[in-house]
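Each chain is listed here by its residues.
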Amino acid sequence: MAGAPLIHPVILAGGSGTRLWPLSRPWHPKPFVRLAGERTLLQTTVQRFAAKERFAPPLVICNRAHRFLVAEQMQQTQIQPRAIVLEPLLRNTAPAATIAALILSKYDPDGLLLLAPSDHMIGDPSALHSAIDSASLAAVNGSIVAFGVHPQHPATGYGYIKKGEVLKDCVGCFHIENFVEKPDRFTAEEFLASGEYAWNSGMFLASARSLIEEMAYHEPAIVDACRRAVKLAESDEDFLRLDQQAFEDQPSLPFDKAVMERTNRGAVVPIHIGWADIGSRGGHFVNQT
C-alpha cells in the first residue's frame, strides 16, 4: 500500500515445546519443526515478513535455552534480525509484547509493531499483507488491532472476538465489542451459533507507544519489570540477554488477558488467509475460501 508505515515484525518464538508432541520437545519446540517443505515454522514466519519496502528487520523473542537454534535458523534464512531477545524464563506473551515495545520505543516510539507467533501456518500471505494494510491506519491512530479468523468449530483454545461498528476512516477495520479469552465449551458453542464472533489469531498490530500505554494502565507491574529487564540487559553479538531477576519479578500473563479483554482501544480486522495454529488445543488447519 503506497505510503503505508514500515512495520516492525516481532516474532514470538518462546514456548516450552509441550504442544505438537512428539515432534516438538522442550529442547526443540514447535517453531523449530519442519512440517512441510524445507523450512521450519520459524523460518516461514520470518520470511513472510521479509519484504524490505514493507517490513523492518524482525525482532525475535525466544527462551535463552533456544538461542542457538534461533540463530542458526535465522542464518539459514539470510535475514538479519534487529536482535534476538533472550527471555531467562517463561512469562507468556504480555511481557514479550512489552519488551518488544520498549525496545522499539527507544528509536521509533510511534513505530508500528506486529506481534506474530512463530508457530502458525498461513496459506495466503498476500491476504495477510492486505489485512495488515487495513489495520495500519487504525494502529497509527492509537488502536490495538487484532486479526480475527472465521471460526469453524467451537474451539476452547482460542480467544473469541465480537466485532462492533466500523472504525471511522479505516476500511475493513471494526471496533471490538467483546473479547473473551478461551471460553468454556458451552460458551464457545453459543459464539459459533451466533455467527458474530471470530477466533483471535494471536497476531496484533499497534504502535509501541499505544501498547506501552495500555500495558502500563492495566498491568503496571509488568511494565516496571520489563523496563528494568531491558535497562539491565546485556548485549552479546546478535543476542540481547534480559536481566533475569528483573524479568522474573512479574506475573505470567497472555497479552489477550492483560490488555485485549480490558482495553477500549481494541479493533479487529477479519482475515481469510488459510490460517492454522498447529498443535493448539482444538486447533487445526482452517480452509478459508
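Refer to the preceding data block for the structure.
Summary of the structure given here. (Residues numbered from 1 in each chain as written. Predicted model: local features only at pLDDT ≥ 70, side-chain atom pairs only at ≥ 80, totals over all residues. Heavy atoms only, no water.)

Examining the overall build of the protein chain
Next up, step 1: When you go through the protein chain residue by residue, the secondary structure sums to 9 helices and 13 strands.
Next up, step 2: Scored against the burial criterion, the 289 residues of the protein chain give a buried share of 55%.
Next up, step 3: Taking the contacts inside the protein chain whose residues are at least 6 apart along the sequence as the reference set, 77% of them involve residues at least 24 apart. (Helix = DSSP H or I, 4+ residues; strand = E, 2+ residues; numbered from the N terminus. Buried < 20%, exposed > 50% of the residue type's maximum accessible area, 1.4 Å probe, protein only. Contact = heavy atoms within 4.5 Å.)

Re helix α4 (residues 125–140)
Since the α-helix packs 3.6 residues into each turn, any two residues three or four apart lie on the same face.
Next up, step 1: In this model α4 runs 22 Å from its N-terminal to its C-terminal C-alpha over 16 residues, within 8% of the 22 Å that 1.5 Å per residue would give.
Next up, step 2: The principal kink in α4, of about 30 degrees, is found at S134.
Next up, step 3: Inspection of α4 places L128, H129, A131, I132, D133, A135, S136, A138 and A139 among the buried residues, and these make up the whole buried set.
Next up, step 4: Count one or two residues on from α4 and you reach G142, which has phi positive near 110 degrees. (Expected span 1.5 Å × (residues − 1). Bend = angle between axes of the 7 residues up to and from the residue.)

Some thoughts on the environment of A131
Next up, step 1: Along the polypeptide, A131 turns up in helix α4.
Next up, step 2: Through-space distance from the C-alpha of A131 to that of I273 is 9.1 Å; in sequence the pair is 142 residues apart.
Next up, step 3: When sequence neighbours within four positions are dropped, the list of residues in contact with A131 reads F147, V269 and I271.

Examining the packing of aromatic side chains
Next up, step 1: This structure, assessed with the given rule, holds 8 aromatic pairs.
Next up, step 2: Note on F68 and F239: the rings are 6.2 Å apart at their centroids and 80 degrees apart in plane angle, and the pair reads as edge-to-face. Residue F68 is located in helix α2 (residues 67–77), and its partner F239 is located in strand β11 (residues 239–241); the two are separated by 171 residues in the primary sequence.
Next up, step 3: Judged by its relative accessible area of 11%, F239 is buried. (Phe/Tyr/Trp six-rings, centres within 6.5 Å; stacked < 30°, edge-to-face > 60°.)

Comments concerning unusual backbone geometry
Next up, step 1: In this structure, Q78 is a non-glycine residue whose phi angle is positive, near 60 degrees.
Next up, step 2: With respect to the element layout, Q78 can be found in the loop between α2 and β3 (83–87).
Next up, step 3: Its relative accessible area of 74% is what places Q78 among the exposed residues.

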